[in-house]
Amino acid sequence: MRFADGLKFLQESIRQQNMVGAVWPSSPALCATMAEPVLRDRPDRPLRILEVGAGLGPVSEILIPKLRAGDTYDIVELNPTFCEHLRDRFGDTPATIHELSILDFRADSYDRIVSGLPLANFPAKVVEEIYRTFFRLMHPDAFFVMFEYLVIRQALAVATLGAERRRVRRILEIEQHLLPLQREQIDILANVPPARVRVRGRPEDPDAFTL
Ligand SMILES: C[S@@+](CC[C@H](N)C(=O)[O-])C[C@H]1O[C@@H](n2cnc3c(N)ncnc32)[C@H](O)[C@@H]1O
């Protein structure tokens, strides 16, 4: 990542704090760990991949050059400045950039979802809707890869009061409910702040799944 890209990211994170959710793009170690499961053990058929909250595209940059003929790579990113950057950077690749919220994105049957969304910043109801949206967008055998910053949520759950405490505790409860879907977790200390990557499958019956 170029330093100028980092500054662009910082500028947007100041302007859109809750939406961007980080002050600097994810480290190369975190991006590599997010990307790695996506193409591992790929089936012998074209893959449908969805990246959500790509920012300036550090994960897209790893994955797009590894796509095979027939693969689909859709990027859903809400921020117009980031989308312009993504179109400049990946406009001549098989990737398609959709400038909208994941909550408004209509599609289905992705094999992989890789998400950089800053869920800890969102209202708990939105976090729940985002997970339900992921389930709706996933093929039954699919999985999604996401990350969270280590200990930040737990610290907020004790260091905050009132509505903010209820919000964080509800998000932690949702995360507990997701544990049975977990396939892998990897901690990345080489990131500021340190992060945890989680790989999760889709519930057998998404409509009946309690979040
Ligand atoms: C923490 S940044 C991740 C950036 C990048 N993946 C990285 O690792 O550097 C989160 C991104 O999610 C995007 N975002 C936030 N809410 C979104 C939504 N509802 N739908 C799609 N993208 C969203 C933000 O604009 C931002 O680019």
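Here the structure is a predicted model, which means the values were calculated and not measured.

Draft legend 1. Expanded view of the overall build of the protein. For the protein, the helix and strand inventory stands at eight helices and seven strands. Computed over C-alpha atoms, the radius of gyration of the protein comes to 16 Å, within 12% of the 17 Å expected from 2.2 N^0.38 for 211 residues, which places it in the range of a compact globule. With the C-alpha coordinates aligned to their principal axes, the bounding extent of the protein is approximately 50 × 45 × 30 Å. Within the protein, contacts between residues at least 6 apart in sequence are counted, and of these 69% link residues at least 24 apart. Approximately 10400 Å² of the protein is accessible, and the part contributed by carbon and sulfur atoms is 55%.

Draft legend 2. Summary view of unusual backbone geometry. The residue after Val192, namely Pro193, is reached through a cis peptide bond having omega -10°. Here Pro193 is to be found in the loop between β6 (182–188) and β7 (195–201). Of note in the backbone geometry, Asp41 takes a positive phi value of approximately 45° without being a glycine. In this structure, Asp41 sits in the loop between α3 (28–39) and β1 (48–52). Given a relative accessible area of 69%, Asp41 falls into the exposed group. Backbone geometry places Ser109, a non-glycine residue, at a positive phi of 60°. Mapped onto the elements of the fold, Ser109 is located in the loop between β3 (95–99) and β4 (110–115). Residue Ser109 is classed as partly exposed on the basis of its relative accessible area of 32%.

Draft legend 3. Main features of helix α6 (residues 124–137). If you check α6, its first and last C-alpha atoms are 20 Å apart, about what 14 residues at 1.5 Å a residue would give, namely 20 Å. Among the residues making up α6, those that are buried are Ala124, Val127, Glu128, Ile130, Tyr131, Thr133, Phe134, Phe135 and Leu137. For α6, the secondary structure elements touched by its buried residues are β1, β4, β5 (138–149), α8 (162–177) and β7.

Here is what the cut-offs are and how they apply
- Residues numbered from 1 in each chain as written.
- Predicted model: local features only at pLDDT ≥ 70, side-chain atom pairs only at ≥ 80, totals over all residues.
- Heavy atoms only, no water.
- Helix = DSSP H or I, 4+ residues; strand = E, 2+ residues; numbered from the N terminus.
- Rg over C-alpha atoms; globule rule 2.2 N^0.38 Å.
- Contact = heavy atoms within 4.5 Å.
- Areas by Shrake-Rupley, 256 points an atom, 1.4 Å probe, with all protein chains shown as cover.
- Buried < 20%, exposed > 50% of the residue type's maximum accessible area, 1.4 Å probe, protein only.
- Expected span 1.5 Å × (residues − 1).

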